[in-house]
Amino acid sequence: FDSPFFLPVPGKHIALNAACAIAVNFVLARDSGVTSGEFFSAENARRIQGGLARFTGAKRRSEILGEVRAGGSPVLFIDDYGHHPTAIAKTLAGYREFYPRRFLIADFMSHTYSRTGALFGDFVTAFDTADAVILHKIYASARERAGDVSGRSLFEGVKKRLEAQGKGVYYFDEPLDALDCAEALVSGKGCGPGTAFPEGALFVTMGAGDNWKLGDALLGRLKAKEGPCGA
């Protein structure tokens, strides 16, 4: 079977998960008496191919929320629960590979002071793939008190790193306070998409906090102003 398998959800980790799912199905089928030839027949391969092509991910896992226009250019909105620096880095790298011609804006709210402090250095480097980053206060846990690290200190670390690469980094305590800034970025004002990104912007909210509200509010505002793409 020479036809390629396709996944509509970006990320090498998603492709690895899909390969594991196929392997598990093979083992289960084999244990039920299905031969290798039967499982890997062209007909069954097409079934697997179709199943993968219909997979659109899970809630808050690279969940596509919608696409609208801003300043004449398309803006795609994605929400993802990734809150560990490794997950952030791999997910953003997947978006960059999947959407190489879009201006990638990552909006992130860190979860728990203890995690942010313990993995601070990894968090600072996790956003290297993004073209612009918006950060917020730490989304606290009921099980801990504020520590020495804060959302602003994470912002200072990321800003120092990314501004040296000519990228914009912004801070707002509350997610919805960033609404005007986010709109300016996706509309191409300031350091927005411009002509270097012909397919417009990709606005991603990430984390276990409530900053998903920013993506939801910006999507709603732009729909009201300019309507969905293709309208």
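So, how was this worked out
Residues numbered from 1 in each chain as written. Predicted model: local features only at pLDDT ≥ 70, side-chain atom pairs only at ≥ 80, totals over all residues. Heavy atoms only, no water. Pairing = 2+ DSSP bridges. Helix = DSSP H or I, 4+ residues; strand = E, 2+ residues; numbered from the N terminus. Core = buried A, V, L, I, M, F, W, Y, C linked by side-chain atoms within 4.5 Å. Buried < 20%, exposed > 50% of the residue type's maximum accessible area, 1.4 Å probe, protein only. Axes fitted to C-alpha atoms, helices over the stretch in contact; angles between N-to-C directions. Phe/Tyr/Trp six-rings, centres within 6.5 Å; stacked < 30°, edge-to-face > 60°. Salt bridge = Lys/Arg side-chain N within 4 Å of Asp/Glu carboxyl O. Expected span 1.5 Å × (residues − 1). Arc of directions from axis to C-beta. Contact = heavy atoms within 4.5 Å.

Every regular strand shows the same layout, with side chains that alternate between the two sheet faces. Of the strand pairs in this sheet, strand β1 (residues 63–70) and strand β2 (residues 73–80) are connected by 7 bridges, and their pairing is antiparallel. Of the residues in β2, the one forming a bridge with E67 is L76. Remark: 2 residues form the turn of the hairpin made by β1 and β2, two consecutive strands paired antiparallel; G71 in that turn has positive phi of roughly 60°.

I88, L92, F108, F127, L135 and L202 are the most contacted members of the largest nonpolar core, which has 25 residues in total. Top contributing element to this core by residue count: helix α7 (residues 151–163), with 4 residues.

What follows covers the sheet that holds strand β6 (residues 201–206). With respect to topology, 6 strands assemble into an open sheet ordered β1-β2-β6-β3-β4-β5, the strand pairing being mixed. One side of each edge strand has no neighbouring strand; the edge strands of this open sheet are β1 and β5 (168–171). Across this sheet, the average inter-strand angle for adjacent strands is 15°, counted without regard to direction. Across 6 bridges, the pairing between strand β3 (residues 103–108) and β6 is parallel. Residue L104 lies in a different strand from β6, and its bridge partner there is L202.

Attention now moves to the packing of aromatic side chains. Per the stated rule, a full pass over the model turns up 6 aromatic pairs. The interplanar angle of 40° and the centroid separation of 5.6 Å between the aromatic rings of F155 and Y171 together place this pair among those described as tilted. One end of the pair, F155, is in helix α7; the other, Y171, is in strand β5, and 16 residues separate them in sequence. The pair F155 / Y171 is uniform in exposure class, with both members buried. Every member of this aromatic cluster is reached through a ring pair, and the members are F108, F123 and F127.

It is worth spelling out the pattern of salt bridges at this point. In total, this model carries 10 salt bridges according to the counting rule given. Between R102 and E67 there is a salt bridge whose closest N-O contact spans 2.5 Å. Taken together, the positions of R102 in the loop between α4 (85–98) and β3 and E67 in strand β1 put the pair 35 residues apart, joining distant regions of the chain. Residue E67 is classed as partly exposed on the basis of its relative accessible area, which comes to 29%. Put simply, K213 and D210 hold a salt bridge, and the shortest N to O gap is 3.8 Å. On the basis of relative accessibility, which here comes to 36%, the residue K213 falls in the partly exposed class. Salt bridges sharing common partners tie together D180, E183, R221 and K225.

Another point: α4. Here α4 spans 20 Å end to end across 14 residues, near enough to the 20 Å set by a 1.5 Å rise per residue. Restricting attention to buried positions, one finds in α4 the residues P85, I88, T91, L92, G94, Y95 and R96.

Time to look at α7. The terminal C-alpha atoms of α7, which comprises 13 residues, lie 17 Å apart, in line with the 18 Å expected from a rise of 1.5 Å per residue. Within the sequence span of α7, burial applies to G151, L154, F155, G157, V158 and L162. Projected onto a plane normal to the axis of α7, the buried residues spread over an arc of 165° and lie on a single side. Considering only its buried residues, α7 is in contact with β3, α5 (113–118), α6 (120–125), β4 (132–135) and β5.

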